[in-house]
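A structural walkthrough
Residue strings, one per chain:
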Amino acid sequence: MINTPRKNGYSFKYGTLFYVPFFSCHLGISETFIRLYIYAIDFLLISSIFSNLSLKIFFIINRVLEHTKKNKKMEIEKFIKSLARKAKLGGRYSTANTYLYTLHSFQKFAGKASLTFEEITPESIKEYEQYLILNGKRYNTISLYMRMLRSICNQASEQNIASLNTRELFENVFIGNEPTAKRAISPAIISRLLEADFSKNSRLDFARDLFLLSFYLRGIPFVDLVHLRKTDVQGNMLVYFRQKTGQQLTVIIENCAKVILRKYASLCKESVYLLPVISAAGEEGHKQYRSALRVYNKRLNQISGILKLKTPLTSYVARHSWATTALQKGVPVSVISAGMGHASEKVTYIYLASFDNKTLSNANKKVIAAVRFKKEEDTKYFLHNHII
């Protein structure tokens, strides 16, 4: 007799007489189906039809296994949408959206909406990667889709919805990170931005102030900035949790940051938030954030045009600028890492890797100039000797 946990089913009348010899979670069976299975066992036992009991139990188990087999043919769309719903319930709205983006992308590649996990093979995954490349997707976008699809397959296997070897499925596709050019502006440009007069355009003025505030608060990301609550302000400090990692950060609010916060305090008297950007929480709050981010980047681009900046401003330029300025001023990478809330210094090194391109470019110019100078000297020497 197999001693499985009580919650997985036993006869309500006979208690320990009959246990269910498997776990519902292992077979991907719904609670409702398991409950019906237990009721059926109860009925057999209570009716005392023991002569054909083994046959009838075999019949019931066979039906359960048939249900499991059908489960393994569950449509990918149905499963992914269930994962998206679960992510939303957990407040992970970006993850939920990425699940759905991945689903729609894979359906478009396949040319049909109805797909099962049986159709996912190493060949189809590789073809999907080529499809994304031919459609002009960046490698980081491809990696995102592949990692999300791998996560979906892993979860399907864990729930016995499918039997997939994800290592084999994704071993020949790109699931890494392609280094992207990090854009940063110098302290001189930050000063120009600070001194610019946008008093006649309150929208651009607000966008400029948000950018400066992000810089002043150790390069706080826009998503964290707009979600700051009044309760996060504790005296002279700002104590908040990062939206991306959940890590708690503490930042001293410098006077320059206080000035901006006071400037907009009257606009959010009735709000729980520190800034007048979003007003709701949950899914509606996430939608407001996404909309605000698009508008913010659009206005930063307008400011870039007005000031004729070579490096266009974006929501992340403030963060990049804080990091590269700190590096140039001799701040240790360990301190920059802690300041930015990175999980490890390794992340910070990757983050800062492309910041020094200008220095390398200048070094390269000097090397080339030295070679050209040597060539010009040799030419002059040759001509001098030839004339003489």
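This text follows the structure it describes.
Now for a look at the structure at hand.

So, about the sheet that holds strand β5 (residues 248-252). With respect to topology, three strands assemble into an open sheet ordered β3-β4-β5, the strand pairing being antiparallel. The open sheet has two free edges, formed respectively by β3 (233-234) and β5, since each of these has just one partner strand. Where β3 meets strand β4 (residues 237-241), two bridges bridge the pair, whose relative direction is antiparallel. Paired with V233 across the two strands is L238, which belongs to β4.

We now examine the pairing of β5. Only one face of β5 is covered, namely the face carrying L249 and V251; the face carrying Q248, T250 and I252 is uncovered. Where β4 folds back on β5, the antiparallel hairpin that results is connected by six residues, among which G246 adopts a positive phi of roughly 80 degrees.

A pair of packed helices is captured by two measures, namely the crossing angle of their axes and the spacing between those axes. Remark: helix α6 (residues 122-134) packs on helix α7 (residues 139-158), axes separated minimally by 10 Å, with the N-to-C direction vectors making an angle of 150 degrees. Here α7 runs roughly antiparallel to α6, going by the angle between their axes. Considering the relative orientation of α6 and α7, their crossing is right-handed. Counting all contacts with α6, which are made through I125, Y128, E129, L132 and I133, the residues of α7 involved are Y139, I142, Y145, M146 and L149. Looking at the contact of α6 with α7 residue by residue, the class counts come to nine nonpolar, no polar and one charged.

A few words now on the pattern of salt bridges. According to the stated counting rule, one finds ten salt bridges in the structure shown. When the shortest N-O distance is used, the salt bridge between K126 and E129 registers 2.8 Å. A residue pair is termed a helical-turn pair when its members lie 3 or 4 positions apart in one helix, as K126 and E129 do in helix α6 at three residues. In this structure E129 comes out as buried when scored by relative accessible area, which is 4%. With its nearest N and O atoms 3.4 Å apart, the salt bridge here joins R229 to D232. Take D232: its relative accessible area is 7%, and that puts it in the buried class. Each member of the salt-bridge network shares a partner with another, and the members are D205, R208, D209 and K263.

Reading the values: rules and limits
Each chain carries its own residue numbering, running from 1 in the direction its sequence is written. Confidence filtering applies because this is a predicted model: local features only for residues at pLDDT of at least 70, side-chain atom pairs given and counted only at 80 or more, and all residues used for totals across whole chains, interfaces and linings. Note that the side-chain values use all heavy atoms of the structure and ignore hydrogens as well as water. Pairing between two strands is assigned when DSSP locates at least 2 bridges connecting them. Each helix corresponds to a stretch of at least 4 residues labelled H or I by DSSP, and each strand to a stretch of at least 2 residues labelled E; elements are numbered beginning at the N terminus. A 1.4 Å probe rolled over the protein chains alone gives each residue an accessible area, and that area as a share of the maximum for its type sets the label: buried under 20%, exposed over 50%, partly exposed in between. Simply put, an axis is a line fit to the C-alpha atoms, just over the touching stretch for a helix, and the angle between two N-to-C directions goes from 0 to 180 degrees. These descriptions rest on fixed angle ranges, namely under 35 degrees for roughly parallel, over 145 for roughly antiparallel, 65 to 115 for roughly perpendicular, and the rest for oblique. Take the far helix as your reference; a near helix turned counterclockwise from it by less than a right angle gives a left-handed crossing, and one turned clockwise gives a right-handed crossing. Here, two residues are considered to be in contact whenever any of their heavy atoms come within 4.5 Å of each other. In this count, Pro and Cys sit with the nonpolar residues alongside Ala, Val, Leu, Ile, Met, Phe, Trp and Tyr, while Asp, Glu, Lys and Arg are called charged and the others, Gly among them, polar. When a carboxyl oxygen of Asp or Glu is within 4 Å of a side-chain nitrogen of Lys or Arg, the pair counts as a salt bridge.

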